[in-house]
Amino acid sequence: MDKTSSVSIHEGKPIRCKAALCRKAGEALVIEEIQVDPPQAYEVRIKILCTSLCHTDVAFWKLEWGPLARFPRILGHEAVGVVESIGELVDGFKQGDVVLPVFHPHCEECRDCKSPKSNWCSRFCDDFVSNTRRYGMASRFKDFSGEDIYHFFFVSSFSEYTVVDIAHLVNISPEIPVDKAALLSCCVSTGVGAAWKVANVEEGSTVAIFGLGAVGLAVAEGARLRGAAKIIGVDLNPDKFEIGKRFGITDFVNPALSGEKKISQVIKEMTEGGVDYSFECIGLTSSMEEAFNSTRTGSGKTVILGMEKQMLPISLGSHDLLRGRTICGTLFGGLKPKLDIPILVDSYLKKELNLNGFITHELSFEEINKAFDLLVKGETIRCVLWMDK
Ligand code: NAD
Ligand code: ZN
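Residues numbered from 1 in each chain as written. Chains lettered and ligands numbered in written order. Predicted model: local features only at pLDDT ≥ 70, side-chain atom pairs only at ≥ 80, totals over all residues. Heavy atoms only, no water.

- An unreviewed UniProt entry lists the chain under the name alcohol dehydrogenase, with Brassica oleracea var. oleracea given as the organism.
- Looking at the chain in UniProt, the text filed under Cofactor (unreviewed entry) is "Zn(2+)".
- Per UniProt, the chain carries the Sequence similarities (unreviewed entry) text "Belongs to the zinc-containing alcohol dehydrogenase family. Class-III subfamily." (UniProt positions renumbered as here; feature names shortened; annotations may be inferred.)

Next up, the structure:
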């Protein structure tokens, strides 16, 4: 089916299609023919139009041990699709709808989903190991020999078709170009949301961002739109400063060039005592601690976005906390997907939110290993993979 068609000849039946399988940690993905089962109650089967690569995919691709290391698996969670068919009890989605799958659930019914205090969904958020939201380890994917394939983050977008629970799906306006929309499925929403909703950056404030990948640059974009006066980017890759300027980065610090001085000291000197807000977008405990130490005593706020894949603890000065600095982390930028993604789409369509410059590479789905290579080497911000090219 194409983007506009609203009937599927496969409805209620399995579909055979191509997917990129991760069969072993760190090894090249293999494009194989798989079977995608029809959606069950509260599920939707979608045809992926395009998908992009986020650092979290790379982290899980490399993960060799622990309960989260599972193979064979279909990775991918930043994507746009079109509804091919719906399961029973599905409200609000129909064949042909353009949809964003989102790794973060939003059931809309639990106590936390109904509260404006956070984007935690207490009904679903605690389970991030199952394949399917309501059916535990039941998988909708089988390989050529009939073996189950593991899902990833309830999305698995590195496949021509995937099955997604409605708690992980958002309808979007077909007016937004699909590649730009894919950015809202993870990186841009996470970064902009962290600046707007979690930190609530205000006009004239000072900001430091550790890691200028797509997530960090999206934080900058959010801070720029809020009128931040100084946005300091911290990255080992000097190319990121020129790129960052387009998203509002005003100053650049390269840890490799700061000699004996800690980055937090450099930032404190640049801002007469520390930034109002700091954001960690790398996933390293050392930079989380440095981000915290870079903020202003009394009022500084640190937001952790980077995912430390071994779940290691961090060390903070207890007196820094006593003296008023705060720190928190956030998934999906504190946004409630079904409520907030349409607001971001609207902001883009009104030409406020800038989504240009994030996509530096476009490849066909078959070239997926090249996309991994580019992200691992730090040569791309986002590489979009087109399913039909
Ligand atoms: P990316 O690989 O595109 O960017 C990371 C950047 O950090 C690169 O520019 C790299 O040069 C820089 N960097 C690496 N090591 C550094 C160091 N020691 N000092 C300074 N700079 C360093 O990654 P991304 O896709 O933007 O993702 C960033 C992080 O956010 C990852 O940890 C990812 O898992 C996480 N993430 C979290 C959420 C969430 O909901 N919290 C969502 C998406 C991604
Ligand atoms: Zn909920």
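The discussion continues.
## Here we look at the pattern of salt bridges
Part 1 of the argument: Tallying each qualifying case throughout the model produces 25 salt bridges.
Part 2 of the argument: For Lys-197, the salt bridge identified is with Asp-340, shortest N-O distance 3.1 Å. Here Lys-197 is found in helix α4 (residues 187-198), whereas its partner Asp-340 is found in helix α10 (residues 337-349), with 143 residues between them in sequence.
Part 3 of the argument: Residue Arg-323 pairs with Asp-320 through a salt bridge whose shortest N-O separation is 3.9 Å.
Part 4 of the argument: Accessibility expressed as a relative area gives 17% for Asp-320, which makes it buried.
Part 5 of the argument: Three or more residues are tied together by salt bridges with common partners; here these are Arg-23, Glu-32 and Asp-143. (Salt bridge = Lys/Arg side-chain N within 4 Å of Asp/Glu carboxyl O. Helix = DSSP H or I, 4+ residues; strand = E, 2+ residues; numbered from the N terminus. Buried < 20%, exposed > 50% of the residue type's maximum accessible area, 1.4 Å probe, protein only.)

## Topic: the packing of aromatic side chains
Part 1 of the argument: In total, this model carries 9 aromatic pairs according to the counting rule given.
Part 2 of the argument: With a centroid separation of 5.1 Å and 20° between ring planes, the pair formed by Phe-241 and Phe-252 is classed as stacked. Of this pair, Phe-241 sits in helix α6 (residues 239-245) while Phe-252 sits in strand β11 (residues 251-253), and the two are 11 residues apart along the sequence.
Part 3 of the argument: Since its relative accessible area comes to 21%, Phe-241 is described here as partly exposed.
Part 4 of the argument: Taken together, the ring pairs in this structure connect Phe-60, Phe-103, Phe-152, Phe-153 and Phe-332 into an aromatic cluster.
Part 5 of the argument: A cation sits over an aromatic face here: Arg-133 above Phe-154, 3.8 Å from the ring centre.
Part 6 of the argument: Stacked on the ring of Tyr-42, the Lys or Arg Arg-134 has its end atom at 4.3 Å from the ring centre. (Phe/Tyr/Trp six-rings, centres within 6.5 Å; stacked < 30°, edge-to-face > 60°. Lys NZ or Arg CZ within 6 Å of the ring centre and 35° of its normal.)

## A closer look at the site of ligand 1
Part 1 of the argument: His-55, Thr-56, Asp-235, Lys-240 and Phe-332 are the nearest of the 27 residues found near ligand 1.
Part 2 of the argument: Contact between ligand 1 and Ala-214: an oxygen atom at 3.2 Å from a main-chain N or O atom of the residue.
Part 3 of the argument: Between ligand 1 and the protein, one listed contact pairs a nitrogen atom with a backbone N or O atom of Leu-236 at 3.5 Å.
Part 4 of the argument: Here ligand 1 loses 86% of its free accessible area of 880 Å² to cover by the protein chains.
Part 5 of the argument: Contributions of two or more residues to the shell around ligand 1 are made by α1 (55-62) and α5 (214-225).
Part 6 of the argument: Here the shell around ligand 1 is built from residues that sort into 15 nonpolar, 9 polar and 3 charged.
Part 7 of the argument: Here the shell around ligand 1 spans two domains, since at least three of its residues come from each of domain 1 (15-185 + 358-386) and domain 2 (188-331). (Near = heavy atom within 4 Å. Polar contact = N/O pair within 3.5 Å; in protein donor to acceptor, adjacent residues only side chain to side chain. Areas by Shrake-Rupley, 256 points an atom, 1.4 Å probe, with all protein chains shown as cover. Nonpolar A, V, L, I, M, F, W, Y, C, P; charged D, E, K, R; others polar. Domains from an automatic or database assignment.)

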